[in-house]
Amino acid sequence: MDRRQVLAYRIAEHGLHRTAKDVTELAVVKAGLQDSMRDTALLALVARLDAPVSPVDDRRLVLGWTLRGAPHYHLDLAEVTRALVPLDDADALARMLWQRKELAATGLAASEVVFTAAKAIREVVTKEMTKGAVSTAVTKKLPPEFSRWCRGCNATHIQEQLMRIATPHAGVRLVAGASPATLAPLEGRGRMRRTPDVAAATSVVESYLSLNGPASPGEAAEFVGTARAVVDKTWPDDLVSVDVDGKTRYLPAARLAALENPPEPDIVRLLPPLDPFIQARDKALLVPDPLRRKQVWKMLGNPGVLLADGDIAGIWRTKSSGTKLTFTLTAFDPLPPAARQEAESEAARVAAARGFEKHTVTWVG
């Protein structure tokens, strides 16, 4: 398979042809829809549904810190939490990401660190509380090794990533649309589960391979937020190997026919920063040109991407002023007039979804 066929397959799997009638039909929602930046989840739905409802207003969706500790909307937060129970201490430590070294220095088993923090969070969060209030109360309950001095907050508090990965195990969700971040007990939460569920963890890997495959074990591990060796333990059985531009990658066997014959990717979409489509870990396949990759994925302030003719064809940004939203669209290569017109129609959908009465579009390139 070449990259264009892989991208055509992913465009279809991600629901970007707008064939789904409801948010619950979208595979990206079943897998967990990230919402780390303003309106990310809303605009991801705008790109996939004719008449999207804001995820804040859809009571079927529950927001929580889940995959990689990032906020995601889920149809069943309790179900995904089972998949997040660390398989062992190596898994627990890997999920702490950039704070691995600091938490390893506690000298405690990583799984015990996670569940000790989860127990404290569960005891504290019995009603809606701001993240700051929860952090202050939880920090007092935990050993000092679990906390650090934060220059930005001018206070000592629980390690950020530890709080995020422990919170779902505490039976605690995020309040959708709340600012500042607000936590609340999950309705009907049962006892805290500490027993790993290998089948549930495997289903997360399988979902990634279905949406963003063919992919490698290392790419799946990076998406899940754990170590490659951990993913080896949850690697699905029913996979086929696929040669993608000379590299061996893997796909669920049930999706092979869809990969071999994807629909024509003759669509134009404006995808928001952190959209599921650009969350695939093989960035060089998504955007082969390294200079263009630097425009799409930045250390801070990622733009949205323009999808056209089955490829990432450019980037876009917005600036708001009162009731007006100004779009700046940058095409990597010259686009035909029809594609530009469709992109401007998509900009109108984005502006309307975000509640702006007026908008303008400026093209660069």
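Attention here is on the structure that accompanies the text. For clarity, every value in this text was computed on a predicted model and none was experimentally measured.

**Here we look at the side chain of Gln159**
Right, on to step 1. Examined against the element boundaries, Gln159 turns out to sit in the loop between strand 6 (155-158) and helix 9 (160-166).
Right, on to step 2. One polar contact links Gln159 to Gln99, side chain to side chain, over a distance of 3.0 Å.
Right, on to step 3. If sequence neighbours within four positions are ignored, Gln159 has contacts with Gln99, Glu102, Leu103, Phe146, Ser147 and Arg148.

**Points about the sheet that holds strand 11 (residues 268-271)**
Right, on to step 1. Spatially, 11-12-13-14-15 is the arrangement adopted by the 5 strands of the open sheet, whose pairing is mixed. A single partner strand is all that each edge strand has here, and the edge strands are strand 11 and strand 15 (358-364). For this sheet the average axis-to-axis angle between neighbouring strands, irrespective of direction, equals 25°.
Right, on to step 2. Summarising the sheet, strand 13 (residues 311-321) and strand 14 (residues 324-331) pair through 8 bridges and their orientation is antiparallel. Within the sheet, the bridge partner assigned to Arg317 lies in strand 14 and is Thr328.
Right, on to step 3. Sheet contacts for helix 16 (residues 337-353): strand 11, strand 12 (304-308), strand 13, strand 14 and strand 15; angle to strand 15, the most-contacted strand, approximately 145°.

**Concerning the pattern of salt bridges**
Proximity of charged atoms lets side chains of opposite charge pair with each other.
Right, on to step 1. Considering all chains together, one arrives at 25 salt bridges under this definition.
Right, on to step 2. Linking Asp282 and Arg10 is a salt bridge whose minimum nitrogen-to-oxygen distance equals 2.7 Å. Taken together, the positions of Asp282 in the loop between strand 11 and helix 14 (283-286) and Arg10 in helix 1 (residues 3-13) put the pair 272 residues apart, joining distant regions of the chain. The pair Asp282 / Arg10 is uniform in exposure class, with both members buried.
Right, on to step 3. The shortest N-O distance in the salt bridge between Glu222 and Arg281 comes to 3.7 Å. Here Glu222, found in helix 11 (residues 217-224), pairs with Arg281, found in the loop between strand 11 and helix 14; they are 59 residues apart in sequence, far enough to count as distant.
Right, on to step 4. Given a relative accessible area of 46%, Glu222 falls into the partly exposed group.
Right, on to step 5. Beyond isolated ion pairs, a larger network of salt bridges with shared partners links Arg3, Arg4, Asp309 and Asp311.

**Overview of the packing of helix 10 (residues 198-212) against helix 11**
Right, on to step 1. Orientation of helix 10 relative to helix 11, taken along the N-to-C sense of each, is 115°, at an axis distance of 10 Å. With respect to helix 11, the axis of helix 10 lies roughly perpendicular. Crossing handedness for the pair helix 10 and helix 11: right-handed. Counted together, Val204, Val205 and Tyr208 of helix 10 and Glu219, Ala220, Phe223 and Val224 of helix 11 form the full contact between these two elements.

**Let's talk about the environment of Thr234**
Right, on to step 1. Relative to the assigned elements, Thr234 resides in the loop between helix 12 (228-233) and strand 9 (239-244).
Right, on to step 2. Using a relative accessible area of 4% as the deciding quantity, one classes Thr234 as buried.
Right, on to step 3. Setting aside residues up to four positions removed in sequence, Thr234 forms contacts with Leu87, Val198, Ala201, Thr202 and Val205.

**Points about the packing of helix 1 against helix 10**
Right, on to step 1. Two elements in contact, helix 1 and helix 10, have axes whose closest approach is 7 Å; the angle formed by their N-to-C orientations is 120°. By the angle between their axes, helix 1 is oblique relative to helix 10. In this structure, helix 1 uses Tyr9, Arg10 and Glu13 to contact helix 10, whose residues at the interface are Ser210, Leu211 and Asn212.
Right, on to step 2. Its residues placed into classes, the contact of helix 1 with helix 10 shows 2 nonpolar, 2 polar and 2 charged.

**With respect to empty space enclosed by the protein**
Right, on to step 1. Per the counting criterion, the structure on display carries 2 cavities of 30 Å³ or more.
Right, on to step 2. Contributing to the lining of the largest cavity are 14 residues, with Thr66, Leu84, Arg95, Ile165 and His169 lying nearest its centre.
Right, on to step 3. Grouping the constituent residues of the lining of the largest cavity by class yields 7 nonpolar, 4 polar and 3 charged.
Right, on to step 4. Here the second largest cavity is characterised by a volume of approximately 70 Å³.

Rules used throughout
Residues numbered from 1 in each chain as written. Predicted model: local features only at pLDDT ≥ 70, side-chain atom pairs only at ≥ 80, totals over all residues. Heavy atoms only, no water. Helix = DSSP H or I, 4+ residues; strand = E, 2+ residues; numbered from the N terminus. Polar contact = N/O pair within 3.5 Å; in protein donor to acceptor, adjacent residues only side chain to side chain. Contact = heavy atoms within 4.5 Å. Pairing = 2+ DSSP bridges. Axes fitted to C-alpha atoms, helices over the stretch in contact; angles between N-to-C directions. Salt bridge = Lys/Arg side-chain N within 4 Å of Asp/Glu carboxyl O. Buried < 20%, exposed > 50% of the residue type's maximum accessible area, 1.4 Å probe, protein only. Parallel < 35°, antiparallel > 145°, perpendicular 65-115°, else oblique. Left-handed = near helix turned anticlockwise from the far one by under 90°. Nonpolar A, V, L, I, M, F, W, Y, C, P; charged D, E, K, R; others polar. 1 Å grid on protein atoms, 1.4 Å probe; cavity = no way out; pocket = protein on both sides within 12 Å on 5 of 7 lines; lining within 4 Å. Points joined across faces, edges and corners; volume = space filled by probe spheres on them.

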